[in-house]
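Letter by letter, the chains look like this.
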Protein chains: 2
Amino acid sequence: MSDQKKFGLPARRAFLTSGAAFVGGAAASLTGGGASPVMAQPVGEPVRWRLVTSWPRNLPGPGVTAQRICDRVKEMSGGRFLITLYSAGELVPALGVFDAVSSGAAEMGHSASFFWQGKMPASVFFTASPFGLLPQEHIAWIERGGGQALWDELYAPFGIKPVMAGNTGVQMGGWFTREINELDDLKGLRIRMPGLGGEVMRQLGATPTTTAPGEIYQALSRGLLDAAEFLGPWSDRSMGFYQVAKYYYSPGFHEPNGTGEALFNSDALDQLPDDLRAILKEACRAENGRALAESDWENARALQVLQEEDGVEIKIYPSEVLSALRRETATVLEAFSQKDEMSSKVYASATAARERLGPWMAVSMQAFMNARSRGE
Amino acid sequence: MSDQKKFGLPARRAFLTSGAAFVGGAAASLTGGGASPVMAQPVGEPVRWRLVTSWPRNLPGPGVTAQRICDRVKEMSGGRFLITLYSAGELVPALGVFDAVSSGAAEMGHSASFFWQGKMPASVFFTASPFGLLPQEHIAWIERGGGQALWDELYAPFGIKPVMAGNTGVQMGGWFTREINELDDLKGLRIRMPGLGGEVMRQLGATPTTTAPGEIYQALSRGLLDAAEFLGPWSDRSMGFYQVAKYYYSPGFHEPNGTGEALFNSDALDQLPDDLRAILKEACRAENGRALAESDWENARALQVLQEEDGVEIKIYPSEVLSALRRETATVLEAFSQKDEMSSKVYASATAARERLGPWMAVSMQAFMNARSRGE
């Protein structure tokens, strides 16, 4: 069989049903086809990227998100763009993701921006800030309110382009071995709460710690901690905290959002063909809603089980405590935003977004939820 | 110059920078390339689809969403998949979209499912239902809670596959020429509110109408209507309602969600190459978050202007009224869901999703919003 017959007509039909745009081989040599104009797709190896993540492989939430992005990119590119995922520690440590993408050791990373606050304090605002933006508001700020441009500016010196890629939603306030009935109950409280939330707690007399996730359970059960925040019901239940702390407090004032972060090496991104670059970005964008849906769905179920089977008591912080948390948050954030110019700019931008979106969210979502739940 | 030279090396580099996977021509004839294995992408015309919509071209919100999906698909496919948008009336009337996609007169439609309730009562639940699911909850129901399977089942007899594609968010309760201070104020109220929300209002003594959008302003200004709901601040302000009704009520109990609907002719969808089908679906999915961000951002601004410049008073329905609306909603929905088997199944599924998600949303988003806004 001639090559012409083998690869020629009915080539179009074959393409339309196979959808495989790249089929291996290194280069094509062509001959013209007589009367009809002949042009053919030059053929090459698929583009191959390495994705380093800060998560164990298939960790519910972010780990699953990272793998789904690889799968969707492969599917949408018809196999022309293959991204291989390396979980935390496989190629670089969990917190080595940013540097690996910056140096080009990996073309892409999946992580969370607040991990880089030692390098750039302003990065924390691209994950969450106490009494800050909810997932839907955070996405609006990044997409419409100037957030993306500031995020780009912050990472540009490192040769990195960031985008949102997944969201784990609003967090819970944490697990407590005793009730919080008044502000004084926070005094001397040993609570695992890293970051800005922990600083707010410190202002109110608590002693915040940054206990490693794997050690929280032991610390609670031995009485070395009185309380600990981690994530939400889905993750927290799998950690078994309900066995050693019966009060689960809401709201997660310290982290009302959980944006996953995709990091691209800027040179690698620039070298992608336009269509593959568009595919990559759209896969990340689609993951925001898909991941949030998954988190909400699983958090909702885990919450039910915690209440109905595990004997956990769900509590809302008393009004007096919330007022104090709000007040100290303002102080802590104001001081934090003075750390450097970018922190100041990003804080101002996020605050402006909250001030714009807040009144609308109050008369839409909040008013609706309050009206709906009054009957329940 | 030989064709071989013209289209051969450095073909790969040209592809990697152009990103144009299809460059016209009808068929390729190839010859083998000696030692290295040679395979080439058969070449054909781009896939061309017609998209009929229920919106004026570039209508803020849904019209922009429909065009953006076309743009993203073109970009991600490197021009191999071209979708031409026809606005309402250009190819078929606004409400002819479903039938056009069903018959194959168009391969794709963009609309809202509640338009088809005459044909299929259950379709209303895939847009919104009174005191039903918020955008984030609706997406979780469709993606995770069995909603998609029921939506597929409902449209399958018509040869249509539906997916979510954009979201205009929570609506407002409507414009009122006088205040609603107690339940009795609804008696005799002539209010423009189509659909299930209108039926709920009727139970409470109001007279709901389905006044066409273009006639609402006149009817309010002439005193033929006492109140009218339309959409949210962004759209409503452009309609000028604030000039003829000073009270803008919240919440939009009747439509807490605004999912845009993409309709695919099933045969056309099946005939797409796998990569183009994946691209099409991901573009629709990404649009959910992108459109909601845009709606929230613009609604927030319009709300500010309405309050600060247009002298509009934002009001929340009194508690007594909300309780009555909730009670009558239960009655109306219960009756509605008895219309046919699918209505009953879909209502049960959406209700189960609300019961699962509600308590989680209450301790996460709602508790957070209440805590955050208490200080404002």
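All residue numbers here refer to positions counted from 1 along the written sequence of the relevant chain. Chain letters start at A and ligand numbers start at 1, both assigned in the order the entries are written. Only residues with pLDDT of 70 or above have their local features reported here, since the model is predicted, and side-chain atom pairs are shown and tallied only from 80 upward, although totals for entire chains, interfaces and linings are computed over all residues. With hydrogens and water set aside, each side-chain value is computed from the structure's full complement of heavy atoms.

If you check an unreviewed UniProt entry, chain A appears there as TRAP transporter substrate-binding protein from Roseibium limicola.

## Thoughts on the overall build of chain A
Helix and strand content of chain A: 13 helices and 11 strands. The contact rule is simple, with two residues in contact once any of their heavy atoms fall within 4.5 Å. Taking the intrachain contacts of chain A between residues at least 6 apart in sequence as the baseline, contacts between residues at least 24 apart amount to 74%. Accessible areas in this description were obtained via Shrake-Rupley with a 1.4 Å probe; residue shielding takes into account the shown protein chains only. Total accessible area on chain A is roughly 13,800 Å²; 50% of this is exposed by carbon and sulfur atoms. In DSSP terms, a helix is any run of H or I states spanning at least four residues, a strand is any run of E spanning at least two, and both are numbered starting from the N terminus.

## Quick notes on the UniProt feature "binding site: Na(+)" (unreviewed entry) in chain A
All names here are of chain A. UniProt positions are given in the numbering used here, feature names are shortened, and annotations may be inferred rather than shown by experiment. UniProt records the feature "binding site: Na(+)" (unreviewed entry) for Phe230 in the present numbering. By the secondary structure assignment, Phe230 is in the loop between strand 8 (227-228) and helix 9 (233-238). With sequence-adjacent residues up to four places away left out, Phe230 is seen in contact with Gln171, Arg192, Pro213, Ile216, Ser235, Asp236, Met239 and Phe241.

## Brief notes about empty space enclosed by the protein
With a 1 Å grid spanning the protein atoms alone, the term cavity applies to any set of points in which a 1.4 Å probe fits but cannot get out, the term pocket to an open set with protein on both sides within 12 Å along at least five of seven lines, and the term lining residue to any residue with an atom within 4 Å of a point. Grid points are joined across faces, edges and corners, and a volume is the space filled by probe spheres set on the points. All chains considered together, the criterion is met by 4 cavities of 30 Å³ or more. A volume near 180 Å³ is recorded for the largest cavity. Lining the largest cavity are 14 residues; nearest its centre among them are A:Ile139, A:Leu292, B:Ile139, B:Gly289 and B:Leu292. Listed by contribution, the elements that provide at least two residues to the lining of the largest cavity are helix 5 (135-144) and helix 11 (274-308) of chain A together with helix 5 (135-144) and helix 11 (274-308) of chain B. Three residue categories are used. Nonpolar comprises Ala, Val, Leu, Ile, Met, Phe, Trp, Tyr, Cys and Pro, charged comprises Asp, Glu, Lys and Arg, and polar comprises the others, including Gly. Class assignment for the residues of the lining of the largest cavity results in 8 nonpolar, 6 polar and no charged.

## Some remarks on the pattern of salt bridges
By convention in these notes, a salt bridge is any Lys or Arg side-chain nitrogen within 4 Å of a carboxyl oxygen on Asp or Glu. Enumeration over the complete set of coordinates arrives at 50 salt bridges over all chains. Of the charged contacts, one joins A:Glu287 and A:Arg68 as a salt bridge, the two residues approaching to 2.6 Å between their closest N and O atoms. Separated by 219 residues along the polypeptide, A:Glu287 in helix 11 and A:Arg68 in helix 3 (residues 62-76) bring together distant segments of the chain. A:Arg68 carries the same exposure label as A:Glu287, and that label is buried. With a closest N to O distance of 2.8 Å, B:Arg72 and B:Glu75 form a salt bridge. Within this pair, B:Arg72 and its partner B:Glu75 are both found in helix 3 (residues 62-76), separated by 3 residues, close to a single helical turn. On the basis of relative accessible area, B:Arg72 is assigned to the partly exposed category, the value being 21%. Relative accessibility thresholds used throughout: buried, under 20% of the residue-type maximum; exposed, over 50%; partly exposed, between the two (1.4 Å probe, protein chains only). Judged by relative accessible area, B:Glu75 falls into the partly exposed class, the value being 39%. The network of salt bridges with common partners includes A:Arg68, A:Glu287, A:Arg290, A:Glu294, B:Glu143, B:Arg144, B:Glu282 and B:Arg285.

## Looking at the side chain of B:Asn257
Residue and element names in this part refer to chain B. Tracing the backbone through its elements, the reader meets Asn257 in the loop between strand 9 (247-250) and strand 10 (259-265). Judged by relative accessible area, which is 0%, Asn257 ranks as buried. We define a polar contact as two N or O atoms separated by no more than 3.5 Å, with the added condition that, inside protein, one atom must be a possible hydrogen donor and the other a possible acceptor, whereas residues neighbouring each other in sequence contribute only through side-chain atom pairs. Here His138 takes part through its side chain, which lies 3.4 Å from a polar atom of the side chain of Asn257. With residues near it in sequence (within four places) discarded, Asn257 still touches Thr127, Ala128, Leu133, Leu134, Pro135, His138, Asn167, Gly169 and Val170.

## Quick look at unusual backbone geometry
Of all residues except glycine, most have a negative phi; of all peptide bonds, most are trans. The amide bond that connects A:Ser250 to the next residue, A:Pro251, takes the cis arrangement and shows omega of -5°. Mapped onto the secondary structure, A:Pro251 falls in the loop between strand 9 (247-250) and strand 10 (259-265). One non-glycine residue, B:Asn58, lies in the positive phi region at around 60°. A relative accessible area of 45% means that B:Asn58 is categorised as partly exposed. With a phi angle near 55°, B:Phe131 is a residue other than glycine that sits in the positive phi range. With respect to the element layout, B:Phe131 can be found in the loop between strand 3 (108-111) and helix 5.

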